[in-house]
Amino acid sequence: MSLPEEHWVTALADVEGIEAVLWDMKDAPPRDDIALVVPPYMGNPKRLARLAELPQLRAVQLVTAGFEHAVPYLPDGVVLANGRGIHDTSTAELAVGLAIAAQRGIPESVRAQGDGEWLRLAGMPSLADRDALIIGYGSIGVAIAKRLLAMEVSVTAVASTARDGDDLVERVHGIDELPELLPDHDVVFLILPLTETTHHLVDAKFLARMPRNSLLVNVARGGIVDTDALVEACAAGQVRAALDVTDPEPLPPEHPLWRTDGVLITPHVGGATTAFEPRALRLLRGELAQFAAGAPLRNVVATASR
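Residues numbered from 1 in each chain as written. Predicted model: local features only at pLDDT ≥ 70, side-chain atom pairs only at ≥ 80, totals over all residues. Heavy atoms only, no water.

Explain the overall build of the protein chain to me, please; I cannot follow it from the model alone.
The number of helices and strands found in the protein chain is eight helices and 14 strands. Against the compact-globule benchmark of 19 Å for 306 residues, the protein chain has a radius of gyration of 21 Å, which places it among compact chains. With the C-alpha coordinates of the protein chain rotated into their principal frame, the extents come out at 65 × 45 × 35 Å. The proportion of buried residues among the 306 residues of the protein chain is 48%. Looking at the protein chain alone, contacts between residues at least 24 apart form 58% of all its contacts between residues at least 6 apart. Carbon and sulfur atoms make up 51% of the accessible area of the protein chain, which totals about 15000 Å². A gap of 2 Å separates the mean positions of the 26 positive and 41 negative side-chain charges of the protein chain. (Helix = DSSP H or I, 4+ residues; strand = E, 2+ residues; numbered from the N terminus. Rg over C-alpha atoms; globule rule 2.2 N^0.38 Å. Buried < 20%, exposed > 50% of the residue type's maximum accessible area, 1.4 Å probe, protein only. Contact = heavy atoms within 4.5 Å. Areas by Shrake-Rupley, 256 points an atom, 1.4 Å probe, with all protein chains shown as cover. Lys, Arg positive; Asp, Glu negative; His and termini not counted. Charge placed at Lys NZ, Arg CZ, Asp CG, Glu CD.)

Laid out in structure tokens, this is it:
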């Protein structure tokens, strides 16, 4: 099994049944009998083309929640598992942080500080007492809900299909219910995967159904939002946006989204904190041991068949 960091090889050397080798995928594989590959975190997706050089490859274990970047490079018969759970804490933390910053005028205060200006910001909208809609109620969506509920926010959850609720929400709504749900929610969180179905889910019609001056928080993938429609809606004062992801990404310096009123942008750092590595190693320890024992990986999201 290959790991992308030397200290990961050392940290996981005691997992029974595996032989870990270092491979950052920049060059050819160090050997041809690798059965499972853990690609580098935030590495160039084009490196994944080297998976085709491994005749005995059976599985790819990502340390990211998103997986759409890996699917095109997956050899036939190889399973792909994502890093479900690794980024829950950090991404939920940033999602709520972005919402608080946008609601309470933190960007305006930071700009004013440079000029020594004491702004009058009394009466800004709180996060407490808002109605929040979480679109994508997986493990990160649940983590966001837990934090919002602790802050006295009313939470509505949405997934691809409707289902029973849990100990946080009474019911999980289906994505087909969005047209009816959007007008009743002040803050909308996006934390769903980018697929053919979700590409540009947030378009001009979606944004028009949100209440005026409501907030869109995207910690999922930039392509879920039609960027041109978002720029237009924010410039018109229809909505505001707090974004950790954009389309295109990285966002070019000349892009109008940077300078659109009501937009707060962070550079895709939702999961990239000190909380990442210990959680990644914890997941890998369990998954590698399971794989070595002949059991399936727990977070399989795709199997290539062309």
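Explain the packing of helix α2 (residues 88–104) against helix α4 (residues 139–150) here, please?
Each pair of packed helices can be described by the angle between their axes along with the distance between the axes. Running from N to C, α2 and α4 point in directions that differ by 50°, and their axes come no closer than 9 Å. Taken together, the axis directions place α2 and α4 in an arrangement best described as oblique. α4 is crossed by α2, and the crossing has right-handed handedness. From α2, Asp88, Thr89, Thr91, Ala92, Glu93, Ala95 and Val96 reach across to α4, where they touch Ser139, Ile140, Ala143, Ile144, Arg147 and Leu148. Along the lines of polarity and charge, the residues of the contact of α2 with α4 split into seven nonpolar, three polar and three charged. (Axes fitted to C-alpha atoms, helices over the stretch in contact; angles between N-to-C directions. Parallel < 35°, antiparallel > 145°, perpendicular 65-115°, else oblique. Left-handed = near helix turned anticlockwise from the far one by under 90°. Nonpolar A, V, L, I, M, F, W, Y, C, P; charged D, E, K, R; others polar.)

Could you clarify how one ought to interpret the packing of aromatic side chains in this entry?
In this description, an aromatic ring pair is defined by two values, namely the gap between the centres and the angle between the planes. Within this structure, the stated rule accounts for two aromatic pairs. Centre to centre, the rings of tryptophan 8 and phenylalanine 276 are 6.2 Å apart; their planes meet at 45°, and the pair counts as tilted. Of this pair, tryptophan 8 sits in helix α1 (residues 6–11) while phenylalanine 276 sits in helix α8 (residues 276–292), and the two are 268 residues apart along the sequence. Given a relative accessible area of 2%, tryptophan 8 falls into the buried group. Here phenylalanine 276 falls in the buried class, since its relative accessible area comes to 8%. An aromatic cluster is defined as three or more aromatic residues linked by ring pairs; in this entry it consists of Trp8, Tyr41 and Phe276. (Phe/Tyr/Trp six-rings, centres within 6.5 Å; stacked < 30°, edge-to-face > 60°.)

What's the story with α2 in this structure? I'm lost.
Its 17 residues give α2 an end-to-end C-alpha distance of 24 Å, which sits within 8% of 24 Å, the value for a rise of 1.5 Å per residue. Along α2, 12 of the 17 residues are buried, which leaves the element largely enclosed by surrounding structure. Those residues of α2 that sit buried are Asp88, Ser90, Thr91, Ala92, Leu94, Ala95, Val96, Leu98, Ala99, Ala101, Ala102 and Gln103. At the C-terminal side of α2, glycine 105 shows a positive phi close to 75°. (Expected span 1.5 Å × (residues − 1).)

Sorry, what's going on with the pattern of salt bridges here?
Oppositely charged side chains are able to pair whenever their charged atoms sit close together. Scanning the model with the defined rule gives seven salt bridges in all. Between aspartate 33 and arginine 31 there is a salt bridge, and its shortest N-O distance comes to 2.7 Å. Note on aspartate 33: relative accessible area 33%, which makes it partly exposed. Since its relative accessible area comes to 32%, arginine 31 is described here as partly exposed. When salt bridges that share partners are traced, they join Glu19, Arg31 and Asp33 into one network. (Salt bridge = Lys/Arg side-chain N within 4 Å of Asp/Glu carboxyl O.)

Before we go on, may I ask you to explain the sheet that holds strand β9 (residues 171–174) in this structure?
Sheet strands associate in pairs through backbone hydrogen bonding, adopting either a parallel or an antiparallel arrangement. Read across the open sheet, the eight strands follow the order β8-β9-β7-β6-β10-β11-β12-β13; overall the sheet is mixed. This sheet does not close on itself; its edge strands, each paired only once, are β8 (163–164) and β13 (263–265). Of the strand pairs in this sheet, strand β12 (residues 239–243) and β13 are connected by three bridges, and their pairing is parallel. Across the sheet, the residue bridging to alanine 242 is leucine 264, located in β13. (Pairing = 2+ DSSP bridges.)

Hey, could you run me through unusual backbone geometry in this one?
Proline 248 follows aspartate 247 through a cis peptide bond whose omega is 10°. Checked against the element boundaries, proline 248 lands in the loop between β12 and β13. Backbone torsion omega between glutamate 249 and proline 250 reads -5°, so that peptide bond is classified as cis. Note that proline 250 resides in the loop between β12 and β13. Backbone geometry at aspartate 129 places phi at a positive 75°, although glycine is not the residue there. In this fold, aspartate 129 is placed in the loop between α3 (106–114) and β6 (131–135). Phi at histidine 200 is positive, roughly 55°, even though this residue is not glycine. In this structure, histidine 200 sits in the loop between β10 (187–190) and α6 (204–209).

Help me understand the environment of alanine 49 in this model?
Examined against the element boundaries, alanine 49 turns out to sit in the loop between β3 (36–37) and β4 (59–61). Judged by its relative accessible area of 42%, alanine 49 falls in the partly exposed class. Sequence separation between alanine 49 and glycine 271 is 222 residues, and the spatial gap between their C-alpha atoms is 24 Å.

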